[in-house]
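So the chains spell out like this:
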Amino acid sequence: MLQRIQTIWTFLAVLAAVFLFVTGQDVIISASIPLLNIGCVVLVLVGLLSVFSFKNRKRQILLNNISIIINALLIGVLIYWLQNLSGGMQFPEKGIEPIFPLIAIICLIISNVYIKKDERLVKSVDRLR
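Residue positions are given per chain, counting from 1 as you read along its sequence in written order. Local features in a predicted model are, by the rule used here, given only for residues with pLDDT of at least 70; side-chain atom pairs are given and counted only at 80 or more, and totals for whole chains, interfaces and linings are based on all residues. To get the side-chain values, all heavy atoms of the structure are used, and hydrogens and water are removed first.

A.B. asks: Which residues make up the overall build of the protein chain, and what values do they have?
C.D. replies: Counting from the N terminus, the helices are the DSSP runs of H or I reaching at least four residues and the strands are the DSSP runs of E reaching at least two. A count of helical and extended segments in the protein chain gives 4 helices and 0 strands. The order of α-helices and β-strands along the protein chain, N terminus first, is α-α-α-α. Only protein chains enter the accessibility calculation, which uses a 1.4 Å probe; a residue is then buried when its area is under 20% of its type maximum, exposed when over 50%, and partly exposed in between. The 129 residues of the protein chain split such that 37% are buried. Carbon and sulfur atoms provide 71% of the accessible area of the protein chain, an area that totals close to 8100 Å². Per-residue accessibility takes into account occlusion by the displayed protein chains alone, with areas from the Shrake-Rupley method and a 1.4 Å probe.

This is the structure in C-alpha cells:
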C-alpha cells in the first residue's frame, strides 16, 4: 500500500537523489563519463520501482539494498572529488553533495526496518489462519 511509512522513507531517499542531481551539476569527476548524473538517474528509477512494488516486500528490500550500495559508491566518488578539489579562487567553497547520499542511506535503512516489520506481521497473521 502506498500510504505505508516505508513508502514515505523510500520516497525521501528518492528526493535526496533528486536533490543530489540538482546540486551536483558542478561536479566534474571525469570529463567523458557523467558518473554522478547516471548514478542519480539510476537511484531515482530504482527508488520509484521500490515504491511501486509494495506487494512484493522481498523485492522492495532487495531494491532498497541496491540503492544503499549505489549511494555508498556515490559517497565514495564524491569524497574523492572533494579531496581533489582545489580551494582556490575559481571554486572557493566545497559542496554539500555527500550529505544527500548519506541522508538517502539512512532513509533506506529505516524503510527496510519497517518493511521487515510488515513482513513479520504478515507471517504471524498467516500462522493464525
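A.B. asks: Provide a residue-level description of helix α1 (residues 5–23), including the pertinent values.
C.D. replies: With 19 residues, α1 extends 27 Å between its outermost C-alpha atoms, agreeing within 8% with the 27 Å of an ideal straight helix rising 1.5 Å per residue. Gln6, Thr7, Thr10, Ala13, Val14, Ala16, Ala17 and Leu20 are the residues of α1 that are buried. For a helix, the expected span equals 1.5 Å multiplied by the number of residues minus one.

A.B. asks: Residues and numbers for the packing of aromatic side chains, please.
C.D. replies: We call Phe, Tyr and Trp rings a pair once their centres come within 6.5 Å, taking the six-membered ring for Trp, and we label the pair stacked below 30 degrees between planes, edge-to-face above 60, and tilted otherwise. Enumeration according to the criterion identifies 1 aromatic pair in this entry. Their ring planes at 55 degrees and their centres at 6.0 Å tell us that phenylalanine 19 and phenylalanine 100 sit as a pair that is tilted. Taken together, the positions of phenylalanine 19 in helix α1 and phenylalanine 100 in helix α4 (residues 99–128) put the pair 81 residues apart, joining distant regions of the chain.

A.B. asks: Explain the packing of α1 against helix α2 (residues 35–51) residue by residue, including any values.
C.D. replies: Note on method: axes are straight lines fitted to C-alpha atoms, helices fitted across the in-contact stretch only, with angles between N-to-C directions ranging 0 to 180 degrees. At their nearest, the axes of α1 and α2 sit 9 Å apart, and the two run at 165 degrees to each other. In terms of axis orientation, α1 runs roughly antiparallel to α2. Once α1 is placed against α2, the crossing between them reads as left-handed. Residues Thr7, Thr10, Phe11, Val14, Ala17, Val18, Leu20 and Phe21 of α1 form the contact with α2, whose participating residues are Leu36, Asn37, Cys40, Leu43, Val44, Gly47, Leu48, Ser50 and Val51. Lys, Arg, Asp and Glu make up the charged group, whereas Ala, Val, Leu, Ile, Met, Phe, Trp, Tyr, Cys and Pro make up the nonpolar group; the residues left over, Gly among them, are polar. Of the residues that constitute the contact of α1 with α2, the class distribution is 12 nonpolar, 5 polar and no charged. For classification, angles of less than 35 degrees are called roughly parallel, those exceeding 145 degrees roughly antiparallel, those between 65 and 115 degrees roughly perpendicular, and all remaining angles oblique. If you view the pair so one helix is near and one far, a crossing is left-handed when the near helix is turned anticlockwise from the far one by less than a right angle, and right-handed when it is turned clockwise. Contacts are assigned to residue pairs with any non-hydrogen atoms lying within 4.5 Å of each other.

A.B. asks: I'd love a proper account of the environment of isoleucine 96, names of residues and values included.
C.D. replies: Along the chain, isoleucine 96 turns up in the loop between α3 (57–84) and α4. Expressed as a C-alpha distance, the spacing of isoleucine 96 and leucine 20, which sit 76 residues apart in the sequence, is 9.0 Å.

A.B. asks: Please give an account of the pattern of salt bridges that cites residues and values.
C.D. replies: A side-chain nitrogen of Lys or Arg and a carboxyl oxygen of Asp or Glu constitute a salt bridge if their distance falls within 4 Å. All told, the structure shown has 2 salt bridges when counted by the stated rule. One salt bridge connects arginine 4 with aspartate 118, and the closest N-O pair in it is separated by 2.8 Å. Residue arginine 4 is located in the segment before α1, and its partner aspartate 118 is located in helix α4; the two are separated by 114 residues in the primary sequence. Arginine 4 sits in the partly exposed class, given a relative accessible area of 31%. The closest approach of N and O atoms between arginine 57 and glutamate 119, which form a salt bridge, is 2.7 Å. With arginine 57 in helix α3 and glutamate 119 in helix α4, this pair connects stretches of sequence that are 62 residues apart.

A.B. asks: Requested: an account of the packing of α2 against α3, with residues and values cited.
C.D. replies: If you want to describe how two helices pack, look at the angle between their axes and the distance between the axes. At a closest axis distance of 9 Å, the pairing of α2 and α3 adopts a crossing angle of 160 degrees. When the interaxial angle is binned, α2 and α3 end up roughly antiparallel. In terms of crossing hand, the pair formed by α2 and α3 is left-handed. Between α2 and α3, the residues in contact are Leu35, Leu36, Gly39, Val42, Leu43, Val46, Gly47, Leu49, Ser50 and Val51 and Gln60, Leu63, Asn64, Ser67, Ile70, Asn71, Leu74, Val77 and Leu78, respectively. For the contact of α2 with α3, the residue count by class is 12 nonpolar, 7 polar and no charged.

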